[in-house]
Amino acid sequence: MAPRKSLTTLKSGVYVGHVMVFGKYSIRLDNQVMVIHCYGCWNASTALQFIEEFKRSAQYIYQSSWAHIVFFDDWVLSTPDCEAPVNDMLKWAVRNKMTHSVRIYREDALKSYQLNRMMDERDNSHVIRHFYTEEEGFNWLAESGYLVEQPRVVA
């Protein structure tokens, strides 16, 4: 399987046999919303790079409450050693005024399982919602007071 040509800004890559397996992400800010798109298989190296960039980006918005919306349809899961650091990052985000979290992906039991190991949807420290479409997610954020000027994902 050849790497997807649309993935132009590789943040991390791992060779498995003769195939390059990508772990990539994009982060952008739109008002008080962090818009994140995840791609490929993630290992600890990708997760740690992502966490560093996530925290650096959050510094621009965490003076007041904020939210994030994360697109997982192109994400292929993570190695287990990613779960604890991502969980710690999300706890850090909540301590730094993140109040709403949106996950966008088609129904996938394995993704749901791993994402809930990182931050359980039943966690009551902030509001977490899962939607199948970006329109549903952005509408819910708007209803919650988080308006996004450019709701399309730019990756």
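Residues numbered from 1 in each chain as written. Predicted model: local features only at pLDDT ≥ 70, side-chain atom pairs only at ≥ 80, totals over all residues. Heavy atoms only, no water.

## Some remarks on the environment of Ala67
Using the following cut-off: Starting at the N terminus, helices and strands are each numbered in turn, a helix being any DSSP run of H or I of at least four residues and a strand any DSSP run of E of at least two. For every residue, the accessible area obtained with a 1.4 Å probe (protein chains only) is divided by the maximum for its type, and the residue is called buried under 20%, exposed over 50%, and partly exposed between those limits. Residues count as neighbours in contact if any of their non-hydrogen atoms are within 4.5 Å of one another.
Following the sequence through the fold, Ala67 ends up in strand S4 (residues 66-71). For Ala67, a relative accessible area of 0% puts it in the buried group. Separated by 26 residues in the primary sequence, Ala67 and Ala93 place their C-alpha atoms 9.3 Å from one another. Once residues lying within four places of it in the same chain are set aside, the contact partners of Ala67 are Gln32, Val33, Met34, Met98, His100, Leu141 and Tyr146.

## Notes on the confidence of the model for the protein
The line we're drawing: Every residue is assigned a pLDDT by the predictor, reflecting its confidence on a scale from 0 to 100.
Confidence in the prediction of the protein, expressed as mean pLDDT, is 83, and 80% of residues score 70 or more. Within the protein, no element has a lower average pLDDT than strand S1 (residues 12-16), which sits at 41, and none a higher one than S4, at 96. Counting interchain partners and residues more than four positions distant, the pLDDT-below-50 stretch residues 1-20 has 33 contacts.

## Observations regarding the nonpolar core
The following threshold applies: By convention a nonpolar core is built from buried Ala, Val, Leu, Ile, Met, Phe, Trp, Tyr and Cys residues, the set being connected through side-chain atoms within 4.5 Å.
If you look at the biggest cluster of nonpolar residues, it comprises 29 residues, and the most contacted ones within it are Met34, Ile36, Phe50, Phe54, Trp66 and Trp75. When sequence neighbours within four positions are dropped, the list of residues in contact with Ile36 reads Ser26, Ile27, Phe50, Phe54, Ile69, Val70 and Phe71.

## So, the side chain of Ser112
This is how it is decided: In protein, a polar contact requires one atom able to donate a hydrogen and another able to accept it; more generally it is a pair of N or O atoms within 3.5 Å, and residues adjacent in sequence count only if both atoms are side-chain atoms.
The residue Ser112 is located in helix H3 (residues 109-118) in this model. Looking at Ser112, its side chain comes within polar contact range of the side chain of Tyr105, at 2.7 Å. What Ser112 contacts, discounting residues up to four positions off in sequence, is Tyr105 and Glu107.

## Description of the packing of helix H2 (residues 83-95) against H3
Where we set the bar: Between the N-to-C directions of two axes lies an angle of 0 to 180 degrees, each axis being a line fitted to C-alpha atoms and, for a helix, fitted only over the stretch in contact. For this classification, under 35 degrees means roughly parallel, over 145 means roughly antiparallel, 65 to 115 means roughly perpendicular, and everything else is oblique. Classification used: nonpolar for Ala, Val, Leu, Ile, Met, Phe, Trp, Tyr, Cys and Pro, charged for Asp, Glu, Lys and Arg, polar for all others including Gly.
Interhelical geometry of H2 versus H3 gives an angle of 60° and a closest axis separation of 7 Å. As far as their axial angle goes, H3 and H2 are oblique. Contact residues: H2 offers Glu83, Val86, Asn87 and Leu90, while H3 offers Gln114, Arg117 and Met118. Residue classes in the contact of H2 with H3 are distributed as three nonpolar, two polar and two charged.

## Description of the pattern of salt bridges
Proximity of charged atoms lets side chains of opposite charge pair with each other. Worth spelling out the cut-off: The term salt bridge refers to a side-chain nitrogen of Lys or Arg lying within 4 Å of a carboxyl oxygen of Asp or Glu.
Counted according to the given criterion, the structure contains four salt bridges. A salt bridge links Asp30 to Arg28, with the nearest nitrogen and oxygen atoms 3.4 Å apart. Given a relative accessible area of 6%, Asp30 falls into the buried group. What makes Arg28 buried here is its relative accessible area of 16%. Its salt-bridge partner being Glu52, residue Arg56 comes within 3.4 Å of it at the nearest N-O pair. Here Arg56 and its partner Glu52 are both found in helix H1 (residues 44-58), four residues apart, which amounts to about one turn of the helix. Look at Glu52 and you get exposed, because its relative accessible area is 52%.

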